[in-house]
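# Chain and residue survey
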Amino acid sequence: MNEILEDLRESILSGDRARLQEQINGAIEAGLDPVVILNDGMVAAMKEVGRLFECGEYFVPEMMRAARAMKDGLAILKPSLQRAALESSGKVIAGTVQGDMHDIGKNLVCMMLEGAGFEIQDLGIDVSPAQFIDAVRASGADILAMSALLSTTVLNMKVTIEALERAGLRDKVKVIVGGASVTESSARQVGADGYAPDASQAVALVQSLIAQ
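A brief structural summary. (Residues numbered from 1 in each chain as written. Predicted model: local features only at pLDDT ≥ 70, side-chain atom pairs only at ≥ 80, totals over all residues. Heavy atoms only, no water.)

## What about the overall build of the chain?
To be explicit about the condition: Note on conventions: DSSP H or I runs of at least 4 residues are helices, E runs of at least 2 residues are strands, and numbering of each starts at the N terminus. With the radius of gyration taken over C-alpha atoms, the globule rule is written as 2.2 Å times the number of residues to the power 0.38. In this scheme, a residue with accessible area under 20% of its type's maximum is buried, one over 50% is exposed, and one in between is partly exposed, where area comes from a 1.4 Å probe on protein chains only. Note on contacts: a residue pair is in contact if any heavy atoms of the two residues lie within 4.5 Å. Each accessible area value is a Shrake-Rupley result obtained with a 1.4 Å probe; residue values ignore everything except the protein chains displayed when judging cover. In this tally, Asp and Glu contribute negative charge and Lys and Arg positive charge; neither His nor the terminal groups of the chain are included. Each charge is placed at NZ for Lys, CZ for Arg, CG for Asp and CD for Glu.
The helix and strand inventory of the chain stands at 9 helices and 5 strands. Relative to its length of 212 residues, the chain is compact, with a C-alpha radius of gyration of 18 Å against a globular reference of 17 Å. Overall, the chain is about 55 × 35 × 30 Å in size when its C-alpha atoms are taken along their principal axes. By residue count, 47% of the 212 residues in the chain fall in the buried class. Summarising the internal contacts of the chain: among those between residues at least 6 apart in sequence, 74% fall at separations of at least 24. About 10,100 Å² of surface is accessible on the chain, with carbon and sulfur atoms providing 50% of the total. Separation of charge centres in the chain, based on 19 positive and 29 negative side chains, amounts to 5 Å.

Structure (structure tokens):
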């Protein structure tokens, strides 16, 4: 079993999507517990991807290849996980704020979070405060993650958080922000609970906020 899981991890680290899909199908056919495949194989690999990114051995292209492989693998494993009644790590709503059409960073964060066992509701780009509020109210999410690339749209993070307050939802969800134009300082100014400069740190931030 250890050899199968190690092969899975190596395929994710290298971003070999086709090989990973074959390995997951093979592991399922061999009778491996899908939760073990996920946690000890796939999630462990994504943790290593995060570590390699943090220490400068991996860059965004390598991280994206690994995250895409993970996403493809999850699609194959999901039916088996549902049958195993896997408990979610938490629910995250994500979106790029109103007026901003950029989504590469957000997509990577979503893939990394999904790889860490979180349920993701990706609202896409140009998301209005009302759309964020409707999603929070309907889903009971633990975390709302907002992204902005343009400096002109960072203000819409504050607008959304203020709208959450008016809707009586601010104390029901933790808000994290990120994006090229967002800093630790601006995150505090808009009223967010946390800021992450990259996808790897976003996963750690979400995990820490849910653990509180």
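## A closer look at the pairing of strand β1 (residues 91–96)
Put simply, the rule reads: DSSP-based pairing: two strands are paired if at least 2 bridges between them are found. For the handedness criterion, the strands are oriented away from the viewer, and a crossover whose path from the first strand over the helix to the second runs clockwise is classed as right-handed.
Most of β1 is tucked away, with 5 of its 6 residues classed as buried. For β1 and strand β2 (residues 119–122), the ladder comprises 4 bridges, and the chain directions are parallel. Looking at the pairing, I93 lines up with Q121 of β2. With helix α5 (residues 104–115) bridging β1 and the parallel β2, this β-α-β connection has right-handed handedness. Inspection of the sheet shows β1 paired to strand β3 (residues 143–147) by 5 bridges, in the parallel sense. Across the sheet, the residue bridging to I93 is L144, located in β3.

## So, the environment of G15
Its location among the elements puts G15 in the loop between α1 (2–14) and α2 (17–29). Placed 159 residues apart in sequence, G15 and K174 show a C-alpha to C-alpha distance of 32 Å. In this structure, G15 is in contact with R65, A66 and A69, ignoring residues within four places of it in sequence.

## Remarks on the nonpolar core
Our working definition: For this analysis, a nonpolar core means a set of buried residues of the types Ala, Val, Leu, Ile, Met, Phe, Trp, Tyr and Cys, connected via side-chain atoms within 4.5 Å.
Counting residues in hydrophobic clusters, the biggest one holds 47 residues, and the most contacted among them are I12, L38, M42, M46, M70 and L108. Sorting the residues of this core by element identifies α1, α2, α3 (34–54), α4 (60–83), β1, α5, β3 and α9 (199–211) as the ones contributing at least two each. Once you skip the residues sitting within four places of it in the chain, I12 turns out to touch L20, M42, A45, M46, A66 and M70. Core analysis: the second largest hydrophobic core is formed by 25 residues, I93, L169, V175 and V190 among them.

## Observations concerning the side chain of D198
The following threshold applies: Salt bridge, as used here: a side-chain nitrogen of Lys or Arg that lies within 4 Å of a carboxyl oxygen of Asp or Glu. In the analysis that follows, any N or O atom pair within 3.5 Å is treated as a polar contact, provided that within protein one partner can donate a hydrogen and the other can accept it, and provided that, for residues neighboring in sequence, both atoms belong to side chains.
Looking at where D198 falls in the secondary structure, it is placed in the loop between β5 (194–195) and α9. As a buried residue without a salt bridge, D198 has its nearest oppositely charged side chain in R51, at a separation of 14 Å. One polar contact links the side chain of D198 to the main-chain amide nitrogen of Q201, over a distance of 2.8 Å. Non-local contacts of D198, meaning those with residues more than four positions away in its chain, are made with F53 and E54.

## Notes on the environment of K158
Inspection of the secondary structure assignment puts K158 in helix α7 (residues 155–166). Judged by relative accessible area, K158 falls into the partly exposed class, the value being 30%. For K158 and I37, which are 121 residues apart along the polypeptide, the C-alpha to C-alpha distance reads 40 Å. Excluding residues within four positions of it along the chain, K158 makes contact with Q189 and V190.

## Examining the layout of surface pockets
Short version of the rule: Both cavities and pockets are sets of points on a 1 Å grid over the protein atoms alone; in a cavity a 1.4 Å probe fits but cannot get out, in a pocket the set is open with protein on both sides within 12 Å along at least five of seven lines, and lining residues sit with an atom within 4 Å of a point. Grid points are joined across faces, edges and corners, and a volume is the space filled by probe spheres set on the points. Any residue that is not Ala, Val, Leu, Ile, Met, Phe, Trp, Tyr, Cys, Pro, Asp, Glu, Lys or Arg is counted as polar, Gly included; the first ten are nonpolar and the last four charged.
Taken as a whole, the largest pocket spans an internal volume of roughly 520 Å³. Considering the residues around the largest pocket, the lining is formed by 30 residues, among which G105, K106, V109, S147 and G179 are closest to the centre. For the lining of the largest pocket, the elements supplying multiple residues, two or more each, are α4, β1, α5, β3, β4 (174–178) and α9. Looking at the lining of the largest pocket residue by residue, the class counts come to 21 nonpolar, 6 polar and 3 charged.

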